[in-house]
Amino acid sequence: MSRTSGRALRAALAGAAVLLMAGCSGALGGGSGGAGTDTDTLTLGLSRQLTSLDPGSSGSIDGDATVQGAIFSSLTKIGPDQKLVGDLATSWRQDSDVQWTFVLRDGVKFSNGDPLDAATVKWNFDRLLDPATKLTSGPALRAIIARVDAPDAHTVVVTTKKPYLDLDERLSTTTFTEQKWVESHNPVLEPLGSGPYQLQSVDLENGATLVRNPNYYGDRPYYDKVAFKVLGTEAARVQALQSGSVDAAIQLDPQSLTQFAGSDRYTTGSQWSSWNMTLRINETKPPLQDPRVRQALNYAVDKKTIASSLLGPDIQPSSGQVLNAPYDQVNPDLQAYPHDPAKARQLLAEAGYPNGLDLELALSTGTYIASDPIAQAIAQQLGEVGIRIKVTTAQFPSWVQRSYTDDVADLIYIGYSSGYRAPAERLRIYTSTYSQSHFSDPAYDALVDQLTTATSREQQTNLLDRATQEFHDNPHVVFLWPQPLTWAVNKNLDWVPRPEHWLLPQDFRPKNAD
Amino acid sequence: MSVITTSTDAVTAAPARRRPVYGIVGSVVVVAVAVLTIAAPLVAPHDPLAQDLTGLLRPPSAVHPFGTDELGRDVLSRVLHGGRVALGVSLVATVLSAVLGVGLGVVAALGGRYWDATLGRLADVQLAVPGILLALVVLAFAGSGTVALVVVLALGSWVLNFRIARVHATFVAAQPFIEAARLAGASTVEVVRRHVVPALGPLVLVAATLTFSTVLLLESSLGFLGLGVQPPTPDWGQMVASGQAQLAGAWWVSIFPGAALVVVIVGVQLAGDRLAERFSTAGRADE
């Protein structure tokens, strides 16, 4: 073998390594395993790393909350059909504007066999309401709830600070653990709940393994064992599906989904979700303090074209509000800002930026569907009216940490979902006092405060319309679209997609299972 | 390492003579790619940044010979323009690496035991730190600017040049004609300028072909990881990454920039081999 060809061969191999970096995800595997043939273990892909399994932590439904949703139970819950039903509570009633009574079911036990009664529920609320515990779900509940009492083992009485029409739905994501357990264990990594599953092991970075809770009071879930796998990037999700190592994954770019359209392993789909996407604006710096500049941003983005081409033909832009039908109640009188580059240029000139301006748009890697091409498309369209965009990307933890500070990028591409539809809570995310808001708008804040304490549906609707109109005219975001829910699920499984992104193991069963 | 052995090959038996066809093919390929990328604004059929949201991920066709990417941009135009960045950055980094390596190598060889030991340990430390790791750390702090990128790439590759330059400069400095030059009154600087550096030229040129390939691969890896050239400016590594998730459905987004990388690297290596042969033959003729 001559030296020349030997070296050339090595060079070719080195070069091929580059292709291999990409190719390794492209190998169409035929891996075995998966629930289609295995009745024991169900493997589900999460799109975000876990941070805490403590029921007092408010985690994303794309990560923590879904795992918590399999381990814990709540007073009420929202089913796949979007209807509110009892979970721990068999019934509940609103006694007055500020008092609600929940009646608990009999014989509920934690997965370790200890009983869960009204006193346990009260202790959990006290824990959340106590600022000293620093639980992330606490502040939002403290704003609403004055006190919780347990007059007997089956009755929980919740007293709100002011009227709160949607309390029953709002509490559908408040879950419970045991005092004795929390005092002797670390609830972040060793959760104890009363839901369909109990934790077997967890590795926050990579996933968690759950087994069936033998003491669960509800319908027995089909699978004995569940493995949640963290697939933090689009490439990781596609690779896991191609190798057949997960039974279901959500949060796939529509462009990736087409690869599985003819798959004999997966069914794919896409529908609307409850995730409302916007570009949040940092108004602590001069150009963006001017409402004309923020309106110009809204006029400059062609939301319709981007949504239909990059997110799916069915995705319509938000109608000039941070809410989207059919999940949310919306203000029917509002329209999306039309795509009008001339108007955008005119507003920029009036605001004193005839030569445009430079802005940073920060993305979180792999968190939102198709965020890289979306950012490139938005950057191009803003560029056409003279707004020069520098796109930066960071991993979710550092990106979200930065979003809480005034040093956040001028624009961030972000979406929110919640397990409940309470209009006040959906709008509160965009008030000045919210942790990721970097602006001041007392008029809007006051409207949302009034909305929170509305005492009738008519009053609620009226205030919702006023608040959304106010926010539309003086926008603190660039209104975009509802993110679609996309999925690839093993063909042998029955599952109803949930718009909130819940990927709950108790929702899965084999087709034709009795 | 084959490059180093070429200097000793000169005094051993000559290998069988080979036709230079591989070297010519390699050179032609490299020159062709270089010309095409330099002339990208003239030869690219489309604007590499022009998005067409109505034509995403179109397969190769007459209008788009390499297809379109996830934003409807023409992949051929992006490959051509992407080469400007990838090859330009790698070339500058290679030159910088050669200058740094040869400079320090000569100092180590002729500067006395203290310099030799210090620079030798520095090179050892540099070798112990993987280039990609160094690049990740530096770029995370310094940001992904072109200057930072070039510096990081040069820092990751100067040791090879240093080692070659040091060994060969030491060898040259021990030759009788150097002693003669010194007796004739030549200063160290003159010896280096007139005798040592010219003797290093061919070796460094051959080493540069190897360095260039390493640097180009590292540059592409950084682009792949999102730390190299930033979008929307096209770059081969970054393009491979952007098509990664679509590889089974839209292979052309990743494969064409990946193929461009392979072609350039193989071409440079073949040309480098030919150069190595030429210089070792020349060395024999001298003796």
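Just above, that's the structure.
The sections below set out a description of the structure shown in this document. No experiment lies behind these values; they were computed from the predicted model shown.

### Regarding the overall build of chain A
Scanning chain A for helices and strands turns up 17 helices and 20 strands. Since a compact globule built from 514 residues should have a radius of gyration of about 24 Å, the 24 Å found for chain A is in line with a globular shape. Counting the 514 residues in chain A, one finds 58% classified as buried. Across chain A, the fraction of contacts at a sequence separation of at least 24, relative to all contacts at a separation of at least 6, is 69%. One finds the centroid of the 44 positive side-chain charges in chain A at a distance of 4 Å from the centroid of its 57 negative side-chain charges.

### Observations concerning the overall build of chain B
A count of helices and strands for chain B gives 12 helices and zero strands. From first element to last, N terminus to C terminus, chain B shows the α and β order α-α-α-α-α-α-α-α-α-α-α-α. Within chain B, the fraction of its 287 residues that count as buried is 48%. Of the contacts made within chain B by residues no fewer than 6 positions apart, 73% connect residues no fewer than 24 positions apart. About 13,300 Å² of surface is accessible on chain B, with carbon and sulfur atoms providing 70% of the total.

### Overview of unusual backbone geometry
That bond from A:Ala325 to A:Pro326 is cis: its omega, 5 degrees, falls within 30 degrees of zero. You can see A:Pro326 is positioned in the loop between helix H11 (303–311) and helix H12 (341–350). Cis peptide bonds are those with omega within 30 degrees of zero, and the linkage from B:Pro231 to B:Pro232 qualifies with 5 degrees. Tracing the chain through its elements places B:Pro232 in the loop between helix H10 (188–224) and helix H11 (236–242). Of note, the phi angle at A:Gln82 is positive, near 70 degrees, even though the residue is not glycine. Along the chain, A:Gln82 falls in the loop between strand E2 (76–78) and strand E3 (84–86). Residue classification places A:Gln82 among the buried positions, given a relative accessible area of 15%. Located in the positive-phi region is A:Gln251, a residue other than glycine, with phi close to 70 degrees. Mapped onto the secondary structure, A:Gln251 falls in the loop between strand E11 (248–250) and helix H8 (254–257).

### Digging into the pairing of strand E14 (residues 357–364) of chain A
Two faces, one strand: in a regular strand the side chains alternate between the faces of the sheet. Residue and element names in this part refer to chain A. Judged by how many residues are buried, E14 sits mostly within the fold: seven of eight residues are covered. One ladder, built from eight bridges, connects E14 with strand E15 (residues 387–394); its direction is parallel. When the bridges of E15 are listed, Ser364 appears paired with Ala394. Handedness of the crossover is the feature at issue here: the chain leaves E14, passes through helix H13 (residues 371–384), returns alongside E15, and the resulting connection is right-handed. Relative to strand E16 (residues 411–416), E14 is paired through two bridges, and the arrangement is parallel. Each bridged residue has a counterpart across the sheet, and for Leu361 the counterpart in E16 is Leu411.

### Some words on the packing of helix H8 (residues 158–173) of chain B against H10(B)
Residues and elements named next belong to chain B. Axis separation between H8 and H10 bottoms out at 10 Å; the angle between their running directions is 155 degrees. Here H8 is positioned roughly antiparallel relative to H10, judged by the angle of their axes. Classified by chirality, the crossing of H10 by H8 is right-handed. When H8 is examined against H10, the residues Leu160, Asn161, Ile164, Ala165, His168, Ala169 and Val172 are found in contact with a partner set consisting of His195, Val196, Ala199, Leu200, Leu203, Val204, Ala207, Leu210 and Thr211. Residues that form the contact of H8 with H10 fall into these classes: 12 nonpolar, four polar and no charged.

### Structural notes on the packing of aromatic side chains
Two aromatic rings are characterised by how far apart their centres lie and by the angle between their planes. If you walk through the whole model with that rule in mind, you get 24 aromatic pairs over all chains. When the centroid spacing of 5.9 Å and the interplanar angle of 75 degrees are considered together, the rings of B:Tyr114 and B:Trp115 count as edge-to-face. For B:Trp115, a relative accessible area of 42% gives the class partly exposed. Consider the rings of B:Trp251 and B:Trp252, whose centres lie 5.6 Å apart with planes at 80 degrees: the pair is edge-to-face. Here B:Trp252 falls in the buried class, since its relative accessible area comes to 5%. Three or more aromatic residues link up through ring pairs in this structure, and these residues are A:Tyr299, A:Tyr337, A:Tyr416, A:Tyr430, A:Tyr434, A:Tyr444, A:Phe471 and A:Phe479. Between the NZ or CZ atom of A:Arg48 and the centre of the ring of A:Phe396, over which it lies, the distance is 4.4 Å.

### Quick word on the nonpolar core
With 72 residues, the main nonpolar core has A:Tyr413 and A:Trp481 as its most contacted residues. Counting 31 residues, the second-largest nonpolar core is a separate cluster that includes A:Val121, A:Phe125, A:Val158 and A:Tyr420.

### With respect to the sheet that holds strand E18 (residues 485–490) of chain A
Residues and elements named next belong to chain A. What the seven strands build is an open sheet, ordered E8-E9-E10-E1-E11-E18-E12; its pairing is mixed. Here the strands that pair on one side only, and so sit at the sheet edges, are strand E8 (197–203) and strand E12 (266–271). Strand after strand, the sheet turns through a mean of 15 degrees between neighbouring axes, direction not considered. As paired strands, E12 and E18 are joined by six bridges and run antiparallel to one another. Across the sheet, Gly269 pairs through a bridge with Trp487, a residue of E18.

### A word on empty space enclosed by the protein
All names here are of chain A. Applying the stated rule across the entire model yields five cavities of 30 Å³ or more. Looking at the second largest cavity, its volume works out to about 50 Å³. If you trace the second largest cavity, you find it lined by Arg280, Ile281, Asn282, Val408, Ala409, Ile412, Gln436 and His438. Of the residues that constitute the lining of the second largest cavity, the class distribution is four nonpolar, three polar and one charged.

### Some points on the sheet that holds E16(A)
Residue and element names in this part refer to chain A. Strand order across the open sheet formed by five strands is E15-E14-E16-E13-E17, with mixed pairing between neighbours. With one partner strand each, in any of the chains shown, E15 and strand E17 (477–482) form the two edges of the open sheet. Direction aside, the axes of adjacent strands within the sheet are offset by 25 degrees on average.

### A few points about the pattern of salt bridges
Within the structure shown, the criterion is met by 25 salt bridges over all chains. A:Glu283 serves as the salt-bridge partner of A:Arg294, at 3.1 Å between the closest nitrogen and oxygen. Taken as a pair, A:Arg294 in helix H10 (residues 291–300) and A:Glu283 in the loop between strand E13 (276–281) and helix H9 (286–289) lie far apart in primary sequence, 11 residues in all. According to the relative accessible area criterion, A:Glu283 is buried, its value standing at 8%. Linking A:Arg388 and A:Asp358 is a salt bridge whose minimum nitrogen-to-oxygen distance equals 3.0 Å. Here A:Arg388 is found in strand E15, whereas its partner A:Asp358 is found in strand E14, with 30 residues between them in sequence. For A:Asp358, a relative accessible area of 55% puts it in the exposed group. Members of the salt-bridge network, linked through shared partners, are B:Asp69, B:Glu70, B:Arg73 and B:Arg78.

Calculation criteria
Position numbers for residues count from 1 along each chain, tracking the sequence in the order it is written. Going through the entries in the order they are written, you letter the chains from A and number the ligands from 1. Per-residue local features of the predicted model are confined to residues with pLDDT of at least 70, and side-chain atom pairs are confined, for both listing and counting, to 80 or more; whole-chain, interface and lining totals are unaffected and use all residues. Side-chain figures throughout are based on the complete set of non-hydrogen atoms in the structure, without hydrogens or water. Working definition: helices are DSSP H or I runs of at least four residues, strands are E runs of at least two. Numbering for both runs from the N terminus. The globule rule used here is 2.2 Å times the number of residues to the 0.38 power, and the radius of gyration it is set against is calculated over C-alpha atoms. Classification of residues uses two cut-offs on accessible area relative to the type maximum, computed with a 1.4 Å probe and protein chains only: under 20% is buried, over 50% is exposed, and between them is partly exposed. Should any heavy atoms of two residues lie within 4.5 Å, those residues are counted as being in contact. Only four residue types enter the tally: Lys and Arg on the positive side, Asp and Glu on the negative side, with His and both chain ends excluded. Where a charge sits is defined by one atom per residue type, namely NZ (Lys), CZ (Arg), CG (Asp) or CD (Glu). Here, Shrake-Rupley sampling with a 1.4 Å probe gives the accessible areas, and only protein chains in the shown set may cover a residue. Strands qualify as paired when DSSP identifies two bridges or more between them. With its strands directed away from the observer, a crossover is right-handed exactly when the path from the first strand over the helix to the second travels clockwise. A fitted line through C-alpha atoms represents every axis, and for helices the fit uses only the stretch in contact; the resulting angles, taken between N-to-C directions, go from 0 to 180 degrees. Orientation categories follow fixed angle ranges, with anything under 35 degrees roughly parallel, anything over 145 roughly antiparallel, 65 to 115 roughly perpendicular, and all other angles oblique. Should the near helix be turned anticlockwise from the far one by less than a right angle, the crossing is termed left-handed; should it be turned clockwise, right-handed. Under the scheme applied, nonpolar residues are Ala, Val, Leu, Ile, Met, Phe, Trp, Tyr, Cys and Pro; charged residues are Asp, Glu, Lys and Arg; polar residues are all the others, including Gly. Note on aromatic pairs: the rings of Phe, Tyr and Trp (six-membered ring only in Trp) are paired at centre separations within 6.5 Å, and the planes decide the class, stacked below 30 degrees, edge-to-face beyond 60, tilted for the rest. In this analysis the charged atom, NZ for Lys or CZ for Arg, is taken to sit over a ring once it is within 6 Å of the ring centre and within 35 degrees of the ring normal. In this description, a nonpolar core means a group of buried Ala, Val, Leu, Ile, Met, Phe, Trp, Tyr and Cys residues linked to one another through side-chain atoms lying within 4.5 Å. Grid points spaced at 1 Å and placed over the protein atoms alone form the basis of the search, with a cavity being a set where a 1.4 Å probe fits but cannot get out and a pocket an open set showing protein on both sides within 12 Å along at least five of seven lines. Lining residues have an atom within 4 Å of a point. Grid points are joined across faces, edges and corners, and a volume is the space filled by probe spheres set on the points. Definition used for salt bridges: Asp or Glu carboxyl oxygen within 4 Å of a side-chain nitrogen of Lys or Arg.

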